[in-house]
Amino acid sequence: MKLHEMTIQQARAELDGGAVTSADLVDELLGRIERLDSDLGAYITVDAEGAKRSAREADKRIAAGERLPLLGIPIALKDLLCTRGVRTTCGSKILENFVPEYDATVVKILKDAGAVIIGKTNLDEFAMGSSTENSGFHITRNPWNRDCVPGGSSGGSAAAMAAGMCTAALGTDTGGSIRQPASHCGVVGLKPTYGRVSRFGLVSYASSLDQIGPITRDVTDAALLMNVICGHDPRDSTSADVDTPDFMSAIQSFDQDKSSSLKGMKAGIPKEFMSVKGLDPDVEAAFNNARKVLEDQGVEMIEISLPQTDYAVAAYYVIAPSEASSNLARFDGVRYGFRDRNASDLIDMYKKTKSRGFGAEVQRRIITGTYALSAGYYDAYYGRATRVRSMIREDFSKAFKECDIIISPVAPTPAFRIGENVDDPLTMYLTDIFTLSTNMAGLPGLSVPCGFSSEGLPIGFQIMADRFNEIPLLKAGYGLERALEISVKPQLIY
Ligand SMILES: NC(=O)C[C@H](N)C(=O)O
């Protein structure tokens, strides 16, 4: 087994058994980043020195007999998570040189569990986008086909995973930003229930929707990371004070019992999703094949209805920009980051700083959001969108009375070509159709590789579950993965 192909669990066994060191692992990954990343562009910042130092410390602790789940494991972080002493750009020129004074809670938790932070990955500026083409620095290419996007906004994390440039990664998901790039890059992505993972130190985009989650090589690694990163944090008022179940042992007990099947589980297929315009035939075929695999394992399929599907994208693209317009007001040239110094007065400074500091998509969303929230329009846009949101929640509540999980494709198409949708924001927004409703309802969602397009691009399968009920979703994801045995290695890169 090559070092860069290892899952967390494989690396854990090798590290604890003394067969490899964390320093070996980090050196191998840094070497690959050096060779591959000038072309792929998955990282914004690589902390080579910091990673080597942490790896050496981890090796000493392992040699001394210390055992921690992530001790010595190299992890990449989406560059929207504050890292003490390491710049955190949010993919934006406005924060190009911003170095936080503190670690986000999730980063601190990873470090306390022994993780080695290898670098900060590329994203659409402030997570606004579905292709990573909106980064203020550079695009990221899909390791399976470099002419295609890796998806977004956590495209850097997903591409780094797919290209074997980290052992695991974190992304964030506001409307699909973990699941869609995971799907496009052939890796596993999990958006936990809203409130499961602390967002203290995550730079906010749309606070009622954002969630942090793992991007990994397999479902078990996602469960393993969930065990580490979930939990209540008094510093995040939206963090839920609920117990964290043992996600790993739920999968392990399922796996050890050879007779185990998914018998008794009911999966709902939303009829509105399957009749969406523009659903690619390869995506549909891969979905149907995976659905049959689940059926063979005892999952009963039923048709369900999510009647608000037609309005979900429109409502999301009012709510998310509204919250963004408020959250991004702090980047005014006074308190953080970039300031345009050629201004005649304060108002001119604000204007020039924001015009030069923010990219086109961020400006578009700030303007849309400010308009939607403005007096006289508030009820017509924001008020209406929040009413649609309540109805989406009700749709899911009803559905989960009939089934344990809901299944669907992750995105209507496989990864699209670089440049294909850049001048057409509406088409770009519509690619979120299958993912953003879960954010609107605060639900967990998983993306698992389930097949390939005729062009050889990976396709993901989405499993959604009720709030704080990730276990059936992980079990079904694991069952699917075990049966399909899809290789998550883009041959050209490996
Ligand atoms: N951030 C996300 O989850 C991606 C979504 N496409 C958006 O631009 O809002």
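Rules used in this analysis
- Residues numbered from 1 in each chain as written.
- Predicted model: local features only at pLDDT ≥ 70, side-chain atom pairs only at ≥ 80, totals over all residues.
- Helix = DSSP H or I, 4+ residues; strand = E, 2+ residues; numbered from the N terminus.
- Rg over C-alpha atoms; globule rule 2.2 N^0.38 Å.
- Buried ≥ 20, exposed ≤ 12 C-beta atoms within 10 Å, placed from the backbone.
- Contact = placed C-beta atoms within 7 Å.
- Axes fitted to C-alpha atoms, helices over the stretch in contact; angles between N-to-C directions.
- Parallel < 35°, antiparallel > 145°, perpendicular 65-115°, else oblique.
- pLDDT = per-residue confidence, 0-100.
- Domains from an automatic or database assignment.
- Nonpolar A, V, L, I, M, F, W, Y, C, P; charged D, E, K, R; others polar.
- Near = placed C-beta within 6 Å.
- UniProt positions renumbered as here; feature names shortened; annotations may be inferred.
- Pairing = 2+ DSSP bridges.
- Right-handed = clockwise from strand over helix to strand, strands pointing away.
- Core = buried A, V, L, I, M, F, W, Y, C linked by C-beta atoms within 7 Å.
- Bend = angle between axes of the 7 residues up to and from the residue.

Trainee: I tried to follow the overall build of the protein chain on my own but got confused; where do I start?
Mentor: Across its full length, the protein chain carries 17 helices and 11 strands. Rg of the C-alpha trace for the protein chain: 21 Å, near the compact-globule value of 23 Å for 494 residues, within the 12% margin. Expressed along its principal axes, the backbone C-alpha trace of the protein chain runs to roughly 70 × 55 × 45 Å. Evaluated residue by residue, the protein chain yields a buried proportion of 56% over its 494 residues. Excluding contacts between residues fewer than 6 apart, the proportion of contacts in the protein chain whose partners are at least 24 apart in sequence is 76%.

Trainee: What is the right way to look at the environment of Glu470 in this model?
Mentor: You can see Glu470 is positioned in helix H17 (residues 470-484). Linking Glu470 and Phe200, residues 270 residues apart in sequence, is a C-alpha distance of 22 Å. Those residues in contact with Glu470 that lie beyond four places of it in its chain are Pro192, Thr193, Met226, Phe247, Pro444 and Ala465.

Trainee: Help me understand the packing of helix H7 (residues 219-229) against H17, please; the structure alone is not making it clear to me.
Mentor: The relative placement of two packed helices comes down to the angle between their axes together with the axis-to-axis distance. Between H7 and H17, the least distance of the axes is 9 Å, while the angle of their chain directions is 155°. Classed by the angle they form, the pair H7 and H17 counts as roughly antiparallel. The segment H7 lies against H17, with Val219, Thr220, Ala223 and Met226 engaging Glu470, Leu474, Gly477, Tyr478 and Glu481.

Trainee: Honestly, the confidence of the model for the protein chain in this entry has me stumped. Any pointers?
Mentor: Parts of the model with low pLDDT should not have their predicted coordinates read in detail. For the protein chain, per-residue confidence averages 96 on the pLDDT scale, and residues scoring 70 or more make up 98% of the total. Both confidence scores are given for the complex: pTM 0.97, ipTM 0.98.

Trainee: Is there a simple way to explain the domain arrangement of the protein chain in this structure?
Mentor: One frequent convention defines the size of an interface as the accessible area lost when the parts assemble. Parsing the protein chain into structural domains produces domain 1 (3-264 + 404-484) and domain 2 (309-385). Each partner contributes to the interface: domain 1 provides 29 residues, whereas domain 2 provides 22 residues. Secondary-structure elements contributing two or more residues to the side of domain 1 that touches domain 2 are helix H15 (425-430) and helix H16 (436-441). Class assignment of the residues belonging to the side of domain 1 that touches domain 2 gives a composition of 14 nonpolar, 11 polar and four charged.

Trainee: For this particular structure, what's the right way to read the site of the ligand?
Mentor: Residues in contact with the ligand, as listed here, are Ala127, Met128, Gly129, Ser130, Ser153, Asp173, Thr174, Gly175, Gly176, Ser177, Ala320 and Asp432. Across the shell around the ligand, the residue classes tally to three nonpolar, seven polar and two charged.

Trainee: Explanation requested: the UniProt feature "active site" (unreviewed entry) in the protein chain in the structure shown.
Mentor: UniProt's feature table lists "active site" (unreviewed entry) at Lys78, Ser153 and Ser177, given in the numbering used throughout. In summary, the annotated positions, though distributed over 100 residues, converge in three dimensions, the widest C-alpha pair being only 10.8 Å. Of note, Ser153 is situated in the loop between strand E3 (116-121) and helix H5 (155-162). Ignoring anything within four residues of it in the chain, the contact list for Ser153 reads Leu123, Asp124, Ala127, Met128, Gly129, Thr132 and Ser177. Within the secondary structure, Ser177 sits in the loop between strand E4 (168-173) and helix H6 (179-185). Ser177 gets classed as buried once you count the C-beta atoms within 10 Å, which come to 38. Discounting chain neighbours no more than four positions away, the residues touching Ser177 are Ala127, Gly152, Ser153, Ser154, Gly171 and Thr172.

Trainee: Mind showing me how you'd approach the sheet that holds strand E11 (residues 458-465) here?
Mentor: For sheets, the rule is that strands pair by backbone hydrogen bonds, running either parallel or antiparallel. As summarised here, the arrangement of the 11 strands in space is E1-E3-E2-E4-E6-E5-E10-E11-E9-E7-E8, forming an open sheet in which the pairing is mixed. Lying at the two open borders of the sheet, with one neighbouring strand each, are strand E1 (43-46) and strand E8 (300-304). Averaged over all pairs of adjacent strands, the angle between strand axes in this sheet comes to 30°, irrespective of strand direction. Sheet topology note: the strand E2 (residues 74-78)/E4 ladder contains three bridges and is parallel. Considered in E4, the bridge of Ile75 is made with Ala168.

Trainee: Can you walk me through the pairing of E3 in this structure?
Mentor: Successive residues of a regular strand alternate their side chains across the two faces of the sheet. Counting buried residues along E3, six of its six residues qualify, which places the element largely inside the surrounding structure. Sheet topology note: the E1/E3 ladder contains three bridges and is antiparallel. If you follow Thr45 over to E3, its bridge partner there is Lys120. In terms of strand pairing, E2 meets E3 through five bridges, oriented parallel. Within E3, the residue paired with Lys78 across the bridge is Thr121. Tracing the backbone out of E2, into helix H4 (residues 105-112) and back to the parallel element E3 gives a crossover that is right-handed.

Trainee: Help me out: how do you make sense of the environment of Gly18 in this one?
Mentor: Note that Gly18 resides in the loop between helix H1 (8-16) and helix H2 (22-40). A tally of 10 C-beta atoms within 10 Å means that Gly18 is categorised as exposed. Spatially, the C-alpha atom of Gly18 lies 45 Å from that of Glu300, the residues being 282 residues apart in sequence.

Trainee: So what exactly am I meant to see when it comes to the pairing of strand E7 (residues 266-270) here?
Mentor: As paired elements, E7 and E8 share five bridges and run parallel to each other. From the neighbouring strand, Lys266 faces E8, where its bridge partner is Glu300. Where E7 and strand E9 (residues 405-409) come together, two bridges link them in parallel fashion. Across the sheet, Ala267 pairs through a bridge with Ile405, a residue of E9.

Trainee: Mind showing me how you'd approach the environment of Gly383 here?
Mentor: Tracing the backbone through its elements, the reader meets Gly383 in helix H14 (residues 379-402). Considering only alpha carbons, one finds Gly383 and Ala372, 11 residues apart in sequence, at a separation of 9.1 Å.

Trainee: Which parts of the structure should I look at to understand unusual backbone geometry?
Mentor: A negative phi angle characterises most non-glycine residues, just as the trans form characterises most peptide bonds. The step from Gly152 to Ser153 runs through a cis peptide bond, and the omega angle for that step is 10°. Phi at Cys90 is positive, roughly 60°, even though this residue is not glycine. On the secondary structure map, Cys90 appears in the loop between E2 and H4. Here the phi dihedral of Ala127 falls at roughly 70°; this positive angle occurs in a residue that is not glycine.

Trainee: What is the right way to read the nonpolar core from this model?
Mentor: One recurring pattern in soluble globular proteins: nonpolar side chains tend to sit buried together. If you look at the biggest cluster of nonpolar residues, it comprises 144 residues, and the most contacted ones within it are Ile75, Val116, Ile118, Ala160, Cys166 and Ile405. Shared between two domains, this core holds at least three residues of each, these being domain 1 (3-264 + 404-484) and domain 2 (309-385).

Trainee: In this structure, what is going on with H2? I would like to understand it.
Mentor: Given 3.6 residues per turn, any residue in an α-helix points the same way as the ones three and four places further on. Where H2 bends most, the angle comes to about 40°, and this point is Glu34. Contacts made by the buried residues of H2 are with H1, E1, helix H3 (48-63), E2, E3 and H5. Looking one or two residues past H2, Gly41 carries a phi angle of roughly 70°, positive in sign.

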